[in-house]
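The residues making up each chain are set out below.
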Amino acid sequence: AGDSQEALGLEARRSFGNIPLSYRNLGEDLVIVNMDHSITLSLQGVPQAFDGLTPAHLEAFVDLSGKKEGRHEIRINAEAPQGLSVVSIEPSKATIILENLITKQMNVECSLEGEPTGGKIVEEISFSPEEVFVRGTREKVDSVQSVIFIIDVSGAEGTLSKSIRLEPVDSKRNPVQGVTVSPEEVEVTVSLTLPQKDVPVEVVLADNVQDEVEIMLLEPSQVTIEGPGYLLKEIDTIKTAEIQLEDVGLPSTVEAPLIFPEEVKPVQHRFAKVRIFPVE
C-alpha cells in the first residue's frame, strides 16, 4: 500500500492544446460542413510516459455512427498513450453539422485556347466521356453550372490526343470547390486541317482575241480551295491559264488549267471547261 501511494505521488499531469479533432463512422451519403477544429487534452501518468510526447501523437475524435443530416452535439473521445490516462477534454462536446450528398449528371463542355501553326484550323474535337457525375452538398452542386476542360492548341501542327482534368465551374467560370467529378479526366482528340474557301473562276484570254470572242459557258464557275488561312484571305478569284485560240475553230470548248498560288491547292477541280463563241 505504501508503494502504491508513493507511485501516485510521482504522477504528473500535462495539457496539450491544438489537438486536431477527427471523426469516425461517417455515413457514405453524408458530409461534414462544420466541425470544431481542435481541442485541449489533459493527461496524467508517470513522468517517463510524457517523454517525447507531442500533440501529433494524440488523437481526439467523435463517433458519427447512426447520425443523419442536421446539427448534432456529440461527445468527444480521446485515447491516451500507454502509461497515461485522459483527465479532461476541453471542450467535452463538439458541434457537428452534417448534410446529405447528392449526385447530378452533367454534360462536359470544351474550352479552346491558342491557335495552331501553319495557318491550320481545328476541324473536330472529340472527347469521352461526354457526361459525368458531380457529387457534393446540394448548395455546392447547384452552384456548378458546367463541367469543362481546357485544351490549348497553340503551335499544334497535327492531331492532338491527351487526357485532361475536368473542372466544375460556376456561372462566371470560377472553379467550384467542395465537389467531386467522376470520372475526373476526359480523353480528348483534336483534329486539325487547312481552311477552305469557295472562290469564282476567272477566265484569262490572250490579248489578241479578247475583242473577238465571248464566253458563254464556264464549268465550274467556282472552285473550293484549301490552304493556310492567311493566304486564303488574300484570294478573291482563281484564274485559268491564258487561253490561246490559234488553230481552234469557234465556237469551241477549251479545257483550261487553273492556276493556284503556292501553298494553295484545289479540293476537287484542277481544270475549267470554257465555251467560247465569236462575237456577232
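Residues numbered from 1 in each chain as written. Predicted model: local features only at pLDDT ≥ 70, side-chain atom pairs only at ≥ 80, totals over all residues. Heavy atoms only, no water.

Q: Give a description of the environment of Asp-63 that names residues and reports values.
A: Its place among the elements puts Asp-63 in strand β4 (residues 59-63). Judged by relative accessible area, which is 33%, Asp-63 ranks as partly exposed. Separated by 38 residues in the primary sequence, Asp-63 and Asn-25 place their C-alpha atoms 6.2 Å from one another. Once residues lying within four places of it in the same chain are set aside, the contact partners of Asp-63 are Arg-24, Asn-25, Ile-74 and Asn-77. A polar atom in the side chain of Asp-63 sits 2.9 Å from the side chain of Asn-25. (Helix = DSSP H or I, 4+ residues; strand = E, 2+ residues; numbered from the N terminus. Buried < 20%, exposed > 50% of the residue type's maximum accessible area, 1.4 Å probe, protein only. Contact = heavy atoms within 4.5 Å. Polar contact = N/O pair within 3.5 Å; in protein donor to acceptor, adjacent residues only side chain to side chain.)

Q: Which residues make up the side chain of Glu-226, and what are the values?
A: By secondary structure assignment, the location of Glu-226 is in strand β18 (residues 222-226). Under the relative-accessibility criterion, Glu-226 is labelled buried at 14%. For Glu-226, the residues in contact, after removing those within four places along its chain, are Thr-193, Leu-194, Pro-195, Gln-196, Leu-232, Glu-263, Val-264, Lys-265 and Val-267.

Q: Tell me about the nonpolar core, and please be specific about residues and values.
A: Formed by 23 residues in total, the largest nonpolar core has its most connected members in Ile-225, Ile-238, Ile-243 and Ile-276. Beyond its immediate chain neighbours, meaning those up to four positions away, Ile-243 contacts Val-203, Val-204, Leu-205, Ala-206, Val-209, Val-254, Ala-256, Val-274 and Ile-276. (Core = buried A, V, L, I, M, F, W, Y, C linked by side-chain atoms within 4.5 Å.)

Q: How would you sum up the sheet that holds β4? Please name residues and give values.
A: Strand order in the open sheet formed by 5 strands is β6-β4-β1-β3-β7, with mixed pairing between adjacent strands. Where the open sheet ends on each side, the last strands, each with one partner, are β6 (77-79) and β7 (84-90). Geometrically, the sheet is characterised by an average inter-axis angle of 40 degrees between neighbouring strands, direction not taken into account. Two strands pair when backbone bridges link them, and strand β3 (residues 38-45) and β7 are joined in this way by 6 bridges, in the antiparallel orientation. Residue pairing in the sheet places Thr-40 in a bridge with Glu-90 of β7. (Pairing = 2+ DSSP bridges. Axes fitted to C-alpha atoms, helices over the stretch in contact; angles between N-to-C directions.)

Q: Describe the pairing of β18, naming the residues involved and giving the relevant values.
A: On a regular strand, one side chain projects to one face of the sheet and the next to the other, so that they alternate. Direction of pairing for strand β16 (residues 196-202) relative to β18: antiparallel, over a ladder of 5 bridges. Within the sheet, the bridge partner assigned to Val-199 lies in β18 and is Val-223. Bridge count for β18 against strand β21 (residues 265-266) is 2 bridges, and the pairing is antiparallel. Counterpart to Glu-226 in the pairing with β21 is Lys-265.

Q: Tell me about the packing of aromatic side chains, residues and numbers included.
A: With the rule as written, the count across this model stands at 2 aromatic pairs. With a centroid separation of 6.5 Å and 15 degrees between ring planes, the pair formed by Phe-16 and Phe-50 is classed as stacked. You can see Phe-16 sitting in strand β1 (residues 12-24) and its partner Phe-50 sitting in the loop between β3 and β4, a full 34 residues away along the chain. Overall, the relative accessible area of 5% leaves Phe-50 in the buried class. Relative to Phe-149, the ring of Phe-127 lies with its centre 5.1 Å away and its plane at 70 degrees, an arrangement referred to as edge-to-face. With a gap of 22 residues between them, Phe-127 in strand β9 (residues 121-128) and Phe-149 in strand β11 (residues 146-152) connect regions that are remote in the sequence. When the ring centre of Phe-61 is taken as reference, the NZ or CZ atom of Arg-24 above it lies at 3.7 Å. (Phe/Tyr/Trp six-rings, centres within 6.5 Å; stacked < 30°, edge-to-face > 60°. Lys NZ or Arg CZ within 6 Å of the ring centre and 35° of its normal.)

Q: So, the environment of Glu-28: which residues are in play, and what are the values?
A: Among the structural elements, Glu-28 can be located in the loop between β1 and β2 (30-35). Measuring from C-alpha to C-alpha, the distance between Glu-28 and Leu-101 comes to 8.5 Å, with 73 residues separating the pair along the chain. Look past the residues within four positions of Glu-28 in its chain and what remains in contact with it is Leu-101 and Arg-135.

Q: Tell me about the pattern of salt bridges, and please be specific about residues and values.
A: The tally for this structure, following the rule as stated, stands at 6 salt bridges. A salt bridge links Arg-24 to Glu-79, with the shortest nitrogen-to-oxygen separation between them at 3.8 Å. Of this pair, Arg-24 sits in strand β1 while Glu-79 sits in strand β6, placing them 55 residues apart in sequence. Ionic pairing is found between Glu-109 and Arg-173, a salt bridge with its closest N-O pair at 3.4 Å. Within this pair, whereas Glu-109 is found in strand β8 (residues 93-113), its partner Arg-173 is found in the loop between β13 (167-169) and β14 (180-182), the two being separated by 64 residues in sequence. Arg-173 sits in the partly exposed class, given a relative accessible area of 44%. A network of salt bridges, in which partner residues are shared, links Arg-24, Glu-59 and Glu-79. (Salt bridge = Lys/Arg side-chain N within 4 Å of Asp/Glu carboxyl O.)

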